[in-house]
Every structure is written in structure tokens, then in C-alpha cells.
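Residue-level structural notes
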Amino acid sequence: INAEYGGEKSTVMERTVAKVVSKTGTGTVVPLPLLDKNSTMGLIKLQRLIRMWLCSRQAIKRVRLHVQRTKIAFEIYQTEKAYVRNLNTIYEVFYQPLAKNPIIDSSVLTKIFGEIFPLYNLHKELLRKLKEKISTWNYHQTIHEVLVGLLPELKRYEKYTSSFEEGSGILQNLRKSNKSFDKFLQTASRNPRCRQLPLESMLIMPVQRIPRYVLLLKELQKVSPIEQQKSITDAIKSLDMLLSFFNESTRMISERSNSVKKLSVLRSTVSGVGDLQAFQTNFKKEGDAKLLNENCQPKKSIYIFLFEDSLLVAKPISKSKNIIMKARKKFSSFKFSATQVIWLEDYTIIKGASSSIRFVKKYAGKSKKNSLLIYGWENSALRDSWFDSIKNKKDVMEYEKLRSSVNSL
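Since the model is a prediction, treat every value here as computed from it, not as a measurement. (Residues numbered from 1 in each chain as written. Predicted model: local features only at pLDDT ≥ 70, side-chain atom pairs only at ≥ 80, totals over all residues. Heavy atoms only, no water.)

Quick notes on the environment of K81
The test is simple: By the criteria applied, helices consist of DSSP H or I runs no shorter than four residues and strands consist of E runs no shorter than two, each listed in order from the N terminus.
With respect to the secondary-structure elements, K81 resides in helix α2 (residues 37–100). Sequence spacing of K81 and R128 is 47 residues, and the spatial spacing of their C-alpha atoms is 9.4 Å.

As C-alpha cells, then:
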């Protein structure tokens, strides 16, 4: 036992060196008497039994962990097998018939299915490697290294995840507008291979696949030997980084799409903004505000459109009593008139009193025009919300840094 657990080696087999410490009135120490030969042999047998019991406990623990680890490894393999089967179903039951019988345009078909077929070929290779691992599975075998080896190929998910939202929107619109297409999808979904799942539910599977790997590897890490812990942790971090990159790419594309739609609306609702070529960054929010003087007293009501790098300040078009103006407005969709564009990088932005935000121009020079602009809101909560939106501009450098990290995988 001493040798196994790092204690001091001793001649305990021959005699007991332990002492019973008993403080008497004089502070003396009473030694334990020497054991006879029979007692010594009994002690040796006791030590042997304790050693066997401790070893069996460790062995049982290792066996239990290996059983759990084997179960998770087989789950990774089985879910991968099901995933590849579903990708094959999408190709043979949905895509091939649509490609041969052009109910919809081929370019639209490509947008709906995206980059799913390169992923199908990738996962067939991944499944083959997982099968090799499972067929020779033992206590020292690892399975996460298969995923690590294919990390560069898993970057293909960026294109699929970033275009998934657009493809889903096109699919929904086509089902409503094209009866032949909708009828085909309903018929195809009744195929036993689809297991009563519609195309929409099958197309979202690739979006969920990488998060599934992360969850399974985290479970695998809990029951793996210590010597495998670090490599599994590194694999989880790499997959998490890929997920962050995919999510950021999707968010940026979604924001850009929303910005394009918003700019289209602005052309018809805000007068005096020209062709809006200056607003090429993402739209963030809009709302009512007040233009304040230096004493934080309201001067006039305004309406603000916030972009990533600028503020478009407009004023509501007032109701005119003039009959001619009324007649003009009847045929006009303009609700606001643009008064000013503020480029955020030219100003220092700070919170002010009375639920206001102060914009102090960094390089005013001799001209005092617009060197200090103060805008106010109804309450501090609204002010804080706008302040956070203005200050928390998307950092393109951080996104590029993330992209660089992913490219190095």
C-alpha cells in the first residue's frame, strides 16, 4: 500500500512502528507493544486484502467509464450514419426530381438547397473514418481526432449556414405561389425515407450538426482518460470557434439584407436623402428624439435613423393647412424630411443630463457649426438603449480576427 500510494516504505511486516500517543500527567509517550509472529502474518493478509480491494475499485471505475465512453463513441457514429442517410434522402427524393422536372428555375433550386451536396460528400468520408475507428474500438482508441482531421473541410458550413435563411424564405414563398411545387413537396414528404419530415425540417439538419458534435464531445470528455482530456478540449474549442464564425457571418448577412430593405423603405418615406449611396453600412434602429439646446431645453422634435457608422436626422413633415400642399401630400409617401447626417467617427459621444446624449465634434476648427449636438429622449432607459446601440458598433477588425483564426485551423 505504501509503495502504491506514495507513503514511506517501512518494515511494518516485521513490527509496528506506530505509537499510541497518550498525554499523561508527566507528558510521557506510551509506545505500542511489539506484535508476535502470528499477529504480523495477520497484518500482512489484511494489507493484501486492502490492496486488492482498492485495485478492484479502480478497475471497476475504469470499466464503467469505458462503457460510458464506448456508448458515446457509438452515438457519434450512429448519429453520423443517420445524418448521411438524411442528406442522401434530400438529394434523391427532393433535389434530383426537381432538377429533372423543372417546376422551378434552376437558379432558385440552387438557392434553396445551397451548398448541401458538398457537405454530403464530406460526411460520407467522415462516416467512413468513424466506421474504421468503431470497428477497432478499445480502451486506448480515440474518436475525436477524426473530427479534428476534417476541421478545414468543415469550414464549408459557412456558406450553407449564411445562405440558409434566404433559402428558407424563398422556399416558403414558393410553396404559397407555386401550387405544383407545393404539391410535389407534399408528395415527396410522404416517402418512407423522409419519415414524415417536410423538406424544411430536413434542410435545417446541417445547421444543427456542428453544435451536435460539440455536445457529444463534451460528454465524451467527462468519461475519457486523463491523457486524452487536452486533445478533446482543443477539439471542442476549435468547433466552438467555427460556430462563432458561422453565427457572425450569418448575422452580418442578415443585417445587410435588412439594411437593403430599410434603404428601399427610406427612399419612399424620407425626402432629401438623394440616392442613399452614403449609407452602405448596416441599419440598426430608428425612433423619436428631441434636439436640445446647450441648457438641455427642447428645441424641436426629430426622428433618427441609426446606421453602424452614422446617424440620419430627419424631421416629421408637419400637417399643412395650405390646400395646395395637402393636395401634394395626398400623392406623396414622404413622412420625414432629412436635415442632417452625423458621421459617428467625427464625434466624441457621451451621456449628458436630462436623459440626453452629447455629440462633441473632435476637430471643430474655427467653425462652431455642429461642434456640439445634444439629443434627448423621454427617459433615461430610452437614452441608455440608444447610447449602447451607438457606442456598440460592430468591430470589423474583430470579425476579421475571427476569420483569420478559423483559416488557420
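Considerations on the confidence of the model for the protein chain
Put simply, the test is: Confidence per residue, as judged by the predictor, is encoded in pLDDT with a range of 0 to 100. Two residues qualify as a contact provided that any one of their heavy atoms is within 4.5 Å of a heavy atom in the partner residue.
Confidence in the prediction for the protein chain averages 78 pLDDT; 76% of positions are at 70 or higher. Contacts for the low-pLDDT stretch residues 1–27, under 50 throughout, to residues beyond four places or in other chains number 29 contacts. With pLDDT under 50 throughout, residues 321–325 is counted as low confidence; its partners more than four residues away or in other chains account for two contacts.

Quick notes on a positive patch on the surface
Stated precisely, the cut-off is as follows: Patch construction takes residues with relative accessible area above 30% that form no salt bridge. Like charges are linked within 9 Å, and nonpolar side chains (Val, Leu, Ile, Met, Phe, Trp, Tyr) are linked within 5 Å. In short, Shrake-Rupley with a 1.4 Å probe defines the accessible areas, and a residue's cover is counted only from the protein chains shown. Put simply, a salt bridge is a Lys or Arg side-chain nitrogen that is within 4 Å of an Asp or Glu carboxyl oxygen. Under the counting rule used here, the positive set is Lys and Arg, the negative set is Asp and Glu, and His together with the chain ends is not counted. By convention, the point assigned to a charge is CZ for Arg, NZ for Lys, CD for Glu and CG for Asp.
A cluster of basic residues, K81, R85, K131 and R195, forms a positive patch at the surface. The residue R195 is located in the loop between α8 (179–189) and α9 (199–203) in this model.

Some thoughts on the layout of surface pockets
Our working rule: Every definition here rests on a 1 Å grid over the protein atoms only: cavities are sets of points where a 1.4 Å probe fits but cannot get out, pockets are open sets enclosed by protein on both sides within 12 Å along at least five of seven lines, and lining residues have some atom within 4 Å of a point. Grid points are joined across faces, edges and corners, and a volume is the space filled by probe spheres set on the points.
Roughly 240 Å³ of volume is contained in the largest pocket. Forming the walls of the largest pocket are 14 residues, and the residues nearest its centre are L291, L292, K299, L372 and L373. Of all elements in the fold, only β4 (283–292), β5 (298–307), β7 (336–343) and β10 (372–376) reach the threshold of two or more residues within the lining of the largest pocket. Sorting elements by how many residues they give to the lining of the largest pocket places β10 first, with four residues.

Quick look at the side chain of S389
Following the sequence through the fold, S389 ends up in helix α13 (residues 380–391). Setting aside residues no more than four positions away along its own chain, S389 makes contact with K284, K285 and L306.

What to know about the pairing of strand β9 (residues 356–361)
For clarity, the threshold we go by: Strand pairing is assigned whenever DSSP identifies at least 2 bridges connecting the two strands.
Pairing analysis gives six bridges linking strand β8 (residues 347–352) to β9, with the strands arranged antiparallel. Following the sheet pairing, G352 is matched in β9 by S356. The antiparallel pairing of β8 with β9 creates a hairpin that spans three residues between the two strands, and S354 there sits at a positive phi of about 55°. Sheet topology places β9 next to β10; five bridges connect them, and they run antiparallel.

Considerations on the packing of helix α7 (residues 157–177) against α8
Note the cut-off: Orientation is described by lines fitted to C-alpha atoms, with helices fitted over the stretch in contact, and by angles between N-to-C directions that extend from 0 to 180 degrees. In these notes the angle categories are as follows: under 35 degrees is roughly parallel, over 145 is roughly antiparallel, 65 to 115 is roughly perpendicular, and the rest is oblique. Asp, Glu, Lys and Arg are counted as charged, while Ala, Val, Leu, Ile, Met, Phe, Trp, Tyr, Cys and Pro are counted as nonpolar; the rest, among them Gly, fall into the polar class.
Orientation of α7 relative to α8, taken along the N-to-C sense of each, is 110°, at an axis distance of 5 Å. With respect to α8, the element α7 is oriented roughly perpendicular. Residues L171, L174, R175 and S177 of α7 lie in contact with α8, whose contacting residues are K179, F181, D182, L185 and Q186. Of the residues that constitute the contact of α7 with α8, the class distribution is four nonpolar, two polar and three charged.

Thoughts on α8
Each turn of an α-helix holds 3.6 residues, which means side chains three or four residues apart point in the same direction. For clarity, the cut-off: Exposure categories follow from relative accessible area, calculated using a 1.4 Å probe and restricted to protein chains: below 20% of the type maximum is buried, above 50% is exposed, and the middle band is partly exposed. The arc under discussion is defined with respect to the helix axis, by the directions toward the C-beta atoms. Any pair of N or O atoms that falls within 3.5 Å is considered a polar contact. Within protein, one atom must be able to donate a hydrogen and the other to accept it, and sequence-neighbouring residues count only if both atoms are side-chain atoms.
Taken as a whole, α8 has its buried residues at F181, D182, F184, L185, A188 and S189. Burial along α8 is one-sided: seen end-on, the buried residues are contained in an arc of 160°. Pointing more than 90 degrees away from the buried face of α8 are the exposed residues K179 and K183. The opening residue of α8 is N178, an N-cap whose side-chain oxygen sits 3.2 Å from the backbone nitrogen of S180.

What about the sheet that holds β10?
On the basis of which strands lie adjacent, the open sheet formed by eight strands has the order β3-β7-β6-β5-β4-β10-β9-β8 and mixed pairing. Bordering the open sheet on either side are β3 (270–271) and β8, each of which pairs with just one other strand.

A few points about the side chain of S310
Following the sequence through the fold, S310 ends up in strand β6 (residues 310–316). Reaching out from S310, the side chain makes a polar contact with the side chain of D309 at a distance of 3.3 Å.

Some thoughts on the packing of aromatic side chains
Rules: What counts as a ring pair is set by centres within 6.5 Å for rings of Phe, Tyr and Trp (its six-membered ring), and what kind of pair is set by the plane angle: stacked under 30 degrees, edge-to-face over 60, tilted for all other angles. Note on geometry: a ring has a charge over it if NZ (lysine) or CZ (arginine) is within 6 Å of the ring centre and within 35 degrees of the ring normal.
Applying the stated criterion across every chain yields a total of 13 aromatic pairs. Clustering of aromatic rings is evident, with ring pairs tying together Y91, Y95, F113 and F117. The ring of W386 has K285 sitting right over it, with the charged end atom 4.8 Å from the ring centre.

Here we look at the nonpolar core
Most often, soluble globular proteins have nonpolar side chains that are buried together. Applicable threshold: Residues belong to a common nonpolar core when they are buried Ala, Val, Leu, Ile, Met, Phe, Trp, Tyr or Cys residues joined through side-chain atoms within 4.5 Å.
Ranked by internal contacts, the top residues of the largest apolar core, which has 59 residues, are F94, F113, L203 and L239. Considering each element in turn, this core owes the most residues, eleven residues, to α2. Not counting residues up to four positions away in its chain, the partners in contact with L239 are L151, L154, I210, Y213, V214 and L217. If you look at the next biggest cluster of nonpolar residues, it comprises 19 residues, including L306, L311, I342 and I390.

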